[in-house]
Amino acid sequence: MKSKLLLLFILLFQISSAFAQSLSARMDSLVTAYNNQYKFNGVVLVAKGGNVLLKKGYGYKDYANRKPSDPNGIFQIGSITKQFTSTVILRLQEEGKLDVKDKLTKYVPDFPGGDQITLENLLTHTSGIYNYTNDNKFMNNESLLHVELGRMISMMKSKPLEFQPGTKFSYSNSNYILLGYIIQKVTGKPYEQVVHEYILNPLGMNHSGFDFKNLKDTNKVVGYLAFEKSLQLLAPVVDSSASFAAGAMYSTLDDLYKWDRGLYGSKVVSQSSLQKAFTPKLNKYGYGWFIDTVKGKRILTHNGGIFGFTADFLRIPADDICIILLCNEGENLSPITKGLRNILYDLPYDLPVERKSIELPEEELREYVGEYWVSESVKVNITLESGQLKGQLTGQPKVELFAQRKDLFFIKVVDAQLEFKRDSTGKVQKVTLYQGGAMIQAPKVK
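Residues numbered from 1 in each chain as written. Predicted model: local features only at pLDDT ≥ 70, side-chain atom pairs only at ≥ 80, totals over all residues. Heavy atoms only, no water.

## A look at the pairing of strand β19 (residues 416-422)
Note the following rule: Here the term buried applies to any residue with accessible area under 20% of the maximum for its type, exposed to any over 50%, and partly exposed to those in between, with areas from a 1.4 Å probe on protein chains only. In this text, helices come from DSSP runs of H or I with a minimum length of four residues, and strands from runs of E with a minimum of two, each type numbered from the N-terminal end. One requirement defines pairing of two strands: DSSP has to find at least two bridges between them.
Here β19 lies mainly inside the structure; five of its seven residues are buried. In this antiparallel pair of consecutive strands, strand β18 (residues 408-411) and β19, the connection spans four residues. In the sheet, β19 pairs with strand β20 (residues 428-435) via seven bridges, with the strands oriented antiparallel. Paired with Arg-422 across the bridge in β20 is Val-428. Hairpin connection between β19 and β20: a loop of five residues separates the two successive antiparallel strands, and Gly-426 in this loop has a positive phi of roughly 95°.

## Regarding the sheet that holds strand β1 (residues 42-48)
Across a sheet, paired strands are connected by hydrogen bonds in the backbone, their directions being either parallel or antiparallel. To keep it simple, the criterion reads: Axis definition: a line fitted to C-alpha atoms, limited for helices to the stretch in contact. Angles are taken between N-to-C directions and run from 0 to 180 degrees.
With antiparallel pairing, six strands are arranged side by side in an open sheet as β2-β1-β12-β11-β10-β9. Each end of this open sheet is capped by a strand with a single partner; those strands are β2 (51-58) and β9 (290-294). When strand polarity is set aside, the average angle formed by the axes of neighbouring strands in this sheet is 15°. The sheet contact formed by strand β11 (residues 309-316) and strand β12 (residues 321-327) spans seven bridges and is antiparallel. Residue pairing in the sheet places Phe-313 in a bridge with Ile-324 of β12.

## Here's the deal with the sheet that holds strand β14 (residues 379-385)
Strand order in this open sheet of four strands is β13-β14-β15-β16, and the pairing throughout is antiparallel. Looking at the sheet topology across the chains shown, the edges are occupied by β13 (370-373) and β16 (399-400). In the sheet, β13 pairs with β14 via four bridges, with the strands oriented antiparallel. Note on β14: the bridge partner recorded for Glu-371 is Asn-381.

Structure (structure tokens):
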């Protein structure tokens, strides 16, 4: 009888192991397909039930020196930083040092409209405060240099509220800059030190931090604005003071998986506090987390983007699932994350399809040439050079545009499309830019 039970146990183990290997192979094939089409360059970790199913690097962490990506790479993670900022706020609330119902004026007395804004409004992007990263002059000219915190807060104060606090959702990095300032004011310590003391040190996240620009580590990854077979365009490095509590962190796969593990216990903050963070408000956003469902189970996620880097972090606590993607180029990672998630749940998923270009007569291409205004300070300039249509966004390099069909073009160096619209007479009147789920319209002015 014992031998039969042992045989059954071994058989079940073999079946389970084979199934896990099948999942890993399918996930690896999916990410490899994106990498082969230059739509992903970076590292991936997928875990379920405490078992790591996929942990691998794809492409290069430093193309110039032909250094391949590996799971130890250190990447900037952008807005995933917000999870850490919101958790510190909750910890300080547990310690009685602040309350998420406090008004902003308690900490920034002269902030216009601050008596209507709570810390919870900041946490949930419902404050109506202007998003400082929408200031293209600041991002192009100042974000690469050290920026005084007071300078950024003054910029926020100078703009009127965009809506009555609490009535709408509008993602604004300014909210988390202010939360970082409040953390410093309440604790009397630098924000970065508090994050280390409350989260990084207790969880053993020894390869995570804030000052990526001055980081000296052989595992530091090079960021690219564009990464193609024929073009690798290096990205400038944003100074950590410019992204601060909204997006200054760097990390690794292993460290972020430690973060996932730490959220199941109470080592950092209580489970009751986390449930508040994981409760969706407007636009399905909690405290530093987007919240959705798959098969009736709660998904907790956030992405990050900063010059040369994108990141995705997803958790499904009910099934102990964690998916982490760190990429050293500006790609939209959502399709890959969704594909990996669907493989885990045996749901349909798509492999990336390579766009095919067609040839258009030069006289037709000439119709698109002109200047298109996104705003007074941001323009899209379309030119025709030696029969090749090219586009250039203010402050960005010139890129080639390839026709997918008449009036619809795509860019190869990044996953983006441009669709031209015509008026009733057939003349081109505007262009719509699509990238990373965003849509921007720009009328033709010249």
